[in-house]
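Coordinates in review
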Amino acid sequence: MPRWTPPLTLFETLTAAVNDLAEHGYDSPERLAAWAERIREAARASLMPEAELAELLRRSLGSIYQRMIERGTILQLHPELTRYTIASLQPKLHAELQRRILASADLIKLNRVQAIDKTVQRFVGWGTSIPAGGSDVVTRVETKQEIRKALSQLPFEERRVAIDQGHKFTAALSQIVALDNGALAGMWRSHWRQAGYNYREHHRERDQHVYAVRGNWAIEAGLMKAGPDGYSDEHEQPAEWPFCRCKFQWLYSLSRLPDVMLTQKGRATLDRVQLSAVAGG
């Protein structure tokens, strides 16, 4: 019985492919295609299994959900709400967790396909440049490094994707809570003061600005209007752009709004409420 030998690793496959093409050159499409397919298979085998990747994403996003929803830290962005309010939304928020896990896994899978395709493309591009009969001037180490560059960077890129998807998940949970509880506006919070944070300049300029939620109950009642910063849906949302960590702190009552956002009717209503509170006290 022939002795079983394990499949070649990606590095071993690339080494064999580069050596073969350096010796024989591009003498037939079949030779190049055969090596391209072996490289593709070895590249797939070199990556973390998809089931293991899905479990890592589930744990990563699950820890965010546990911290924000089950431990209640999301209330930092919704100081006017209670833990009971958050608990009542758990079915909808948990559905968002499952949706985000699937979306994150699909994005990473797409990036993997692109990285593998890029690796094969680089190999084919290099291989077709070698004349038939081979070449003695091929820099084999540098060639292999260049061919596998996209795959070498993939673990780092996958970690970045997971982190970015965590920011987007955090923002999505917060927005669900806000819209389900009738938030009037969102105050933009930027991390521009954090040392080492690569903030966007126009996001730093939005820090502390207040954006109205279009069509909220207070606008419909004629109590408020969009202020100078406009509506929240007129701009990209916090965490919408890659690696953005901005957040909205949500405002639910007229008393929390800047005066410029109140209509005359809104000011009169707020005055009556405040007078009633003083009288009741």
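Residues numbered from 1 in each chain as written. Predicted model: local features only at pLDDT ≥ 70, side-chain atom pairs only at ≥ 80, totals over all residues. Heavy atoms only, no water.

1. Some words on the overall build of the protein
Each helix and strand in the protein was counted, giving 11 helices and 3 strands. Its C-alpha atoms give the protein a radius of gyration of 28 Å, more than 25% over the compact-globule value 19 Å for 281 residues. Over its C-alpha atoms, taken along the principal directions, the protein stretches across nearly 95 × 40 × 35 Å. The burial tally for the protein puts 42% of its 281 residues in the buried class. Carbon and sulfur atoms form 55% of the exposed surface of the protein, whose accessible area is close to 15800 Å². (Helix = DSSP H or I, 4+ residues; strand = E, 2+ residues; numbered from the N terminus. Rg over C-alpha atoms; globule rule 2.2 N^0.38 Å. Buried < 20%, exposed > 50% of the residue type's maximum accessible area, 1.4 Å probe, protein only. Areas by Shrake-Rupley, 256 points an atom, 1.4 Å probe, with all protein chains shown as cover.)

2. Comments concerning the sheet that holds strand β1 (residues 185-189)
Reading across the sheet, the 3 strands line up as β2-β1-β3 and stay open at both edges, with antiparallel pairing between neighbours. In the strand order of this sheet, the two ends are held by β2 (210-212) and β3 (247-251), each with one partner. With strand direction ignored, the average angle separating the axes of adjacent strands in the sheet is 35°. (Pairing = 2+ DSSP bridges. Axes fitted to C-alpha atoms, helices over the stretch in contact; angles between N-to-C directions.)

3. Let's talk about the nonpolar core
If you look at the biggest cluster of nonpolar residues, it comprises 27 residues, and the most contacted ones within it are Ile69, Ile86, Leu93, Leu173 and Val177. Where this core is concerned, the elements lending two or more residues are α3 (50-70), α5 (90-127), α8 (154-180) and β3. Once residues lying within four places of it in the same chain are set aside, the contact partners of Ile69 are Ile74, Ile86, Gln90, Leu93 and Leu173. Grouped together as the second largest cluster of nonpolar side chains are 22 residues, Val18, Leu21, Ile130 and Ile147 included. (Core = buried A, V, L, I, M, F, W, Y, C linked by side-chain atoms within 4.5 Å. Contact = heavy atoms within 4.5 Å.)

4. So, the layout of surface pockets
Where empty space is left in the structure can be found by rolling a water-sized probe over the atoms. One number sums up the size of the largest pocket: a volume of about 270 Å³. In terms of lining residues, the largest pocket is bounded by 14 residues, among which Met48, Leu53, Arg112, Pro155 and Glu158 are the most central. Classifying every residue of the lining of the largest pocket by side-chain character gives 9 nonpolar, 2 polar and 3 charged. In this model, the second largest pocket occupies a volume close to 230 Å³. Residue lining of the second largest pocket: 16 residues in total, with Ala171, Ala172, Gln175, Gln237 and Pro238 positioned closest to the centre. Contributing elements (two or more residues each) for the lining of the second largest pocket: α8 and β3. In terms of residue count, α8 provides more of the lining of the second largest pocket than any other element does, 6 residues in total. (1 Å grid on protein atoms, 1.4 Å probe; cavity = no way out; pocket = protein on both sides within 12 Å on 5 of 7 lines; lining within 4 Å. Points joined across faces, edges and corners; volume = space filled by probe spheres on them. Nonpolar A, V, L, I, M, F, W, Y, C, P; charged D, E, K, R; others polar.)

5. Structural notes on helix α2 (residues 29-46)
An ideal rise of 1.5 Å per residue puts 26 Å on 18 residues; α2 measures up with 26 Å between its terminal C-alpha atoms. Listing the buried residues of α2 in full gives Leu32, Trp35, Ala36, Ile39, Ala42 and Ala43. Along the axis of α2, the buried positions cluster into a sector of 130°, meaning they face one direction only. In α2, the exposed positions that point more than 90 degrees away from the buried face belong to Glu30 and Ala45. Residues of α2 that are buried make contact with α1 (10-24), α5 and α7 (149-152). (Expected span 1.5 Å × (residues − 1). Arc of directions from axis to C-beta.)

6. Re unusual backbone geometry
For Ala239, which is not glycine, the phi dihedral falls at a positive 70°. By the secondary structure assignment, Ala239 is in the loop between α10 (217-220) and β3. Take Ala239: its relative accessible area is 2%, and that puts it in the buried class.

7. Some details on the pairing of β1
Here β1 lies mainly inside the structure; 4 of its 5 residues are buried. Where β1 meets β2, 3 bridges bridge the pair, whose relative direction is antiparallel. Bridged to Met187 within β2 is Val210. Looking at chain direction, β1 and β3 are connected through 5 bridges and run antiparallel. Paired with Arg189 across the bridge in β3 is Lys247.

8. Some thoughts on the packing of aromatic side chains
According to the stated counting rule, one finds 6 aromatic pairs in the structure shown. A centroid spacing of 6.2 Å and a plane angle of 65° characterise the contact between Trp188 and Tyr211, whose relative ring orientation is edge-to-face. One end of the pair, Trp188, is in strand β1; the other, Tyr211, is in strand β2, with 23 residues separating them in the sequence. Joined through ring pairs, the aromatic side chains of Trp188, Tyr211, Phe248 and Trp250 make up one cluster. Just above the ring of Tyr197 sits the side chain of Arg245; from NZ or CZ to the centre is 5.6 Å. (Phe/Tyr/Trp six-rings, centres within 6.5 Å; stacked < 30°, edge-to-face > 60°. Lys NZ or Arg CZ within 6 Å of the ring centre and 35° of its normal.)

Coordinates in, geometry out; function isn't part of it.
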